[in-house]
Amino acid sequence: MIQGETYPGFTGENPLSSILMFRGESDSPDRDNLTTVKDETEGKQERALLCAVCQTPITTAKERIKKQGKHLHTFFNPTGVVYEIGCFRRAPGCLIYGTPSPEFAWFAGYSWQVVYCRSCQAHLGWKFGGEDEFFGLIVNRLTEN
Ligand SMILES: [Zn+2]
């Protein structure tokens, strides 16, 4: 599993960007596409939602979606802990852990996987997969910049 010292971490910088700047476009025909992905990941044009622990961009406000009619959902896990989660279409800052589990599925018909911050490995929520896929992120573990 990718974690601990074997995981180099995520700095928010594309390590190729400084190299590509000094190369001609013919050397890297996909350069413009790489730039587009980088900007989208960093959320420069949208309000970014950051990991509350390490400030790594996790997702953006535009990724908010509604599930079962609402964005926010409150759940109790089997040990009685209360989680308030928001639903997001995508969360590029998350590291998805494990194989999908059907147990304790909070959304009927969906299996889930635990997701962590890809930089500091803080538990941020879950990825749900079923008729579609979305992320349920614990709202008080995200902060807006
Ligand atoms: Zn983090």
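The structure presented is a predicted model; accordingly, all values stated were derived computationally and were not measured.

> I'm lost on unusual backbone geometry in this one. Help?
Negative phi values dominate among residues other than glycine, just as trans dominates among peptide bonds. Despite not being glycine, Gln55 shows a phi value in the positive range, around 70 degrees. Mapping Gln55 onto the fold places it in the loop between β1 (48-51) and β2 (57-60). Of note, the phi angle at Gln68 is positive, near 50 degrees, even though the residue is not glycine. Mapped onto the secondary structure, Gln68 falls in the loop between β2 and β3 (72-76). What makes Gln68 exposed here is the crowd of 8 C-beta atoms within 10 Å.

> Would you take a moment to explain the pairing of β2 for this structure?
With three bridges joining them, β1 and β2 adopt antiparallel strand pairing. What sits directly across from Ala48, in β2, is Thr60. What sits between β1 and β2 in their antiparallel hairpin is a turn of five residues, with Gln55 showing a positive phi close to 70 degrees.

> Would you mind going over the confidence of the model for the protein chain with me for this structure?
It should be kept in mind that the predicted coordinates are not to be read in detail where pLDDT is low. Averaged over all residues, the pLDDT of the protein chain equals 78, while 67% of them reach at least 70. Every residue in residues 1-23 scores below 50 in pLDDT, and together they form 18 contacts with partners more than four places removed in sequence or on other chains. Per-residue pLDDT stays below 50 along residues 31-44; that stretch engages in 16 contacts with residues further than four places along the chain or on separate chains.

> Explain the sheet that holds β1 here, please?
Each strand in a sheet pairs with another by means of backbone hydrogen bonds, the pair being arranged parallel or else antiparallel. Taken in spatial order, the three strands make up an open sheet running β2-β1-β9, and their pairing is antiparallel. At either end of the open sheet lies a strand with only one pairing partner, and these are β2 and β9 (142-144). Neighbour-to-neighbour, the strand axes of this sheet turn through a mean angle of 35 degrees, independent of strand direction.

> Help me understand the sheet that holds β3, please; the structure alone is not making it clear to me.
Strand order in the open sheet formed by six strands is β3-β4-β8-β7-β6-β5, and the pairing between neighbours is antiparallel. Strand pairing shows two members of the sheet lacking a second neighbour, β3 and β5 (94-101), which therefore form its edges. Geometrically, the sheet is characterised by an average inter-axis angle of 30 degrees between neighbouring strands, direction not taken into account. Where strand β4 (residues 82-88) lies against strand β8 (residues 133-138), four bridges are found, and the strand directions are antiparallel. Bridging from a neighbouring strand, Gly86 pairs with Leu137 of β8.

> How should the environment of Val115 be read in this particular structure?
With respect to the element layout, Val115 can be found in strand β6 (residues 111-117). The buried category is assigned to Val115, around which 23 C-beta atoms lie within 10 Å. Between the C-alpha atom of Val115 and that of Phe135, which follows or precedes it by 20 residues, the distance is 8.5 Å. Val115 has contacts with Ala91, Cys94, Leu95, Ile96, Tyr97, Leu124, Gly125, Trp126, Lys127 and Phe135, leaving out every residue within four places of it along the chain.

> Which parts of the structure should I look at to understand the nonpolar core?
In a soluble, globular protein the nonpolar side chains are often hidden away together inside. The biggest cluster of nonpolar side chains holds 20 residues, and the ones touching the most others in it are Ile58, Ala91, Leu124, Phe135 and Leu137. Of all the elements in the fold, those that place two or more residues in this core are β1, β4, β6, β7 (123-129) and β8. In this structure Ala91 touches Ile58, Thr59, Glu63, Val115, Phe135 and Leu137, once residues within four positions along its chain are discounted.

> Where do I start with the environment of Cys117 in this structure?
Structurally, the position occupied by Cys117 is in strand β6. On a C-alpha basis, the gap between Cys117 and Thr56 in space is 7.7 Å, while along the polypeptide they are 61 residues apart. In this structure, Cys117 is in contact with Cys51, Val53, Cys54, Thr56, Ile58, Gly93, Ala122 and Leu124, ignoring residues within four places of it in sequence.

The rules behind the values
- Residues numbered from 1 in each chain as written.
- Predicted model: local features only at pLDDT ≥ 70, side-chain atom pairs only at ≥ 80, totals over all residues.
- Helix = DSSP H or I, 4+ residues; strand = E, 2+ residues; numbered from the N terminus.
- Buried ≥ 20, exposed ≤ 12 C-beta atoms within 10 Å, placed from the backbone.
- Pairing = 2+ DSSP bridges.
- pLDDT = per-residue confidence, 0-100.
- Contact = placed C-beta atoms within 7 Å.
- Axes fitted to C-alpha atoms, helices over the stretch in contact; angles between N-to-C directions.
- Core = buried A, V, L, I, M, F, W, Y, C linked by C-beta atoms within 7 Å.

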